[in-house]
Amino acid sequence: MRTLKGTEFSDRSKNSTEAKKALLERFKARPAADDPTMLARQEERRRIIEAREIREAERRRLKEEEKARQEAERLRLIAEEEARQADLARQAAEAAEQARLALIEAKAERDRRYAARKARTRGR
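Residues numbered from 1 in each chain as written. Predicted model: local features only at pLDDT ≥ 70, side-chain atom pairs only at ≥ 80, totals over all residues. Heavy atoms only, no water.

Details of the overall build of the chain
Then, in step 1: Counting secondary structure elements, the chain contains two helices and zero strands.
Then, in step 2: In summary, the chain has a C-alpha radius of gyration of 47 Å against a globular reference of 14 Å for 124 residues, an excess of more than 25%.
Then, in step 3: In terms of overall dimensions, the chain has a C-alpha envelope of 145 × 50 × 10 Å along the principal axes.
Then, in step 4: The centroid of the 35 positive side-chain charges in the chain is displaced by 8 Å from the centroid of its 26 negative side-chain charges. (Helix = DSSP H or I, 4+ residues; strand = E, 2+ residues; numbered from the N terminus. Rg over C-alpha atoms; globule rule 2.2 N^0.38 Å. Lys, Arg positive; Asp, Glu negative; His and termini not counted. Charge placed at Lys NZ, Arg CZ, Asp CG, Glu CD.)

Brief notes about the UniProt feature "coiled-coil region" (unreviewed entry) in the chain
Then, in step 1: As recorded in UniProt, the sites labelled "coiled-coil region" (unreviewed entry) are residues 40–109.
Then, in step 2: Here residues 40–109 is 100% helix and 0% strand, with 102 Å between the C-alpha atoms at its ends. (UniProt positions renumbered as here; feature names shortened; annotations may be inferred.)

Remarks on the pattern of salt bridges
Then, in step 1: Per the counting criterion, the structure on display carries 16 salt bridges.
Then, in step 2: A salt bridge links Glu-94 to Arg-90, with the nearest nitrogen and oxygen atoms 2.8 Å apart. Here Arg-90 and Glu-94 lie together in helix H2 (residues 36–123), a separation of four residues that amounts to about one turn.
Then, in step 3: Glu-94 sits in the partly exposed class, given a relative accessible area of 41%.
Then, in step 4: Residues Glu-105 and Arg-112 are paired through a salt bridge, measuring 3.6 Å at the closest nitrogen-oxygen approach.
Then, in step 5: Look at the salt bridges and you will find they share partners, linking Glu-43, Arg-46 and Glu-50 into a network. (Salt bridge = Lys/Arg side-chain N within 4 Å of Asp/Glu carboxyl O. Buried < 20%, exposed > 50% of the residue type's maximum accessible area, 1.4 Å probe, protein only.)

Looking at a positive patch on the surface
Then, in step 1: Together, Arg-113, Arg-117, Lys-118, Arg-120 and Arg-122 give the surface a local cluster of positive charge.
Then, in step 2: Here Arg-122 is to be found in helix H2. (Patch = residues over 30% accessible without salt bridge, like charges linked within 9 Å, V, L, I, M, F, W, Y side chains within 5 Å. Areas by Shrake-Rupley, 256 points an atom, 1.4 Å probe, with all protein chains shown as cover.)

Here's the deal with the environment of Leu-24
Then, in step 1: Structurally, the position occupied by Leu-24 is in helix H1 (residues 9–29).
Then, in step 2: The exposure class of Leu-24 is partly exposed, given its relative accessible area of 45%.
Then, in step 3: Sequence spacing of Leu-24 and Arg-47 is 23 residues, and the spatial spacing of their C-alpha atoms is 31 Å.

Re the environment of Leu-62
Then, in step 1: With respect to the element layout, Leu-62 can be found in helix H2.
Then, in step 2: As for Leu-62 and Arg-26, which are separated by 36 residues in sequence, their C-alpha atoms are 46 Å apart.

Quick look at the structure:
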């Protein structure tokens with residue numbers, strides 16, 4: 001029986017069997033777990049993993065330090081703004097007090113003029 005690609009079942013079966021044999025041979029040719037080259041590879045992988053973990057820990061530490069620095073800066077800015085607002089409130093209170101005193105002084109001056117005018121009219 002021919003297929004669309006022009007290969008027969010026996011050809012495909014033979015190719016599959018050969019591929020499985022090649023895979024098995026590659027697996028068997030692999031060095032044992034206690035082989036010095038395998039141990040060296042494992043040691044190299046372990047060092048790479050440790051170095052990666054150290055780098056990640058350093059990045060996390062730097063990120064946390066940056067976050068703490070930003071939070072401290074934010075709190076400093078808030079404190080400055082609160083101090084500025086308190087200063088403005090104090091200045092506004094002083095201005096209001098000065099305006100109140102000026103109004104009292106103006107009323108007192110008006111009352112003096114009124115009393116002087118009354119005294120002049122009584123003296124006539």
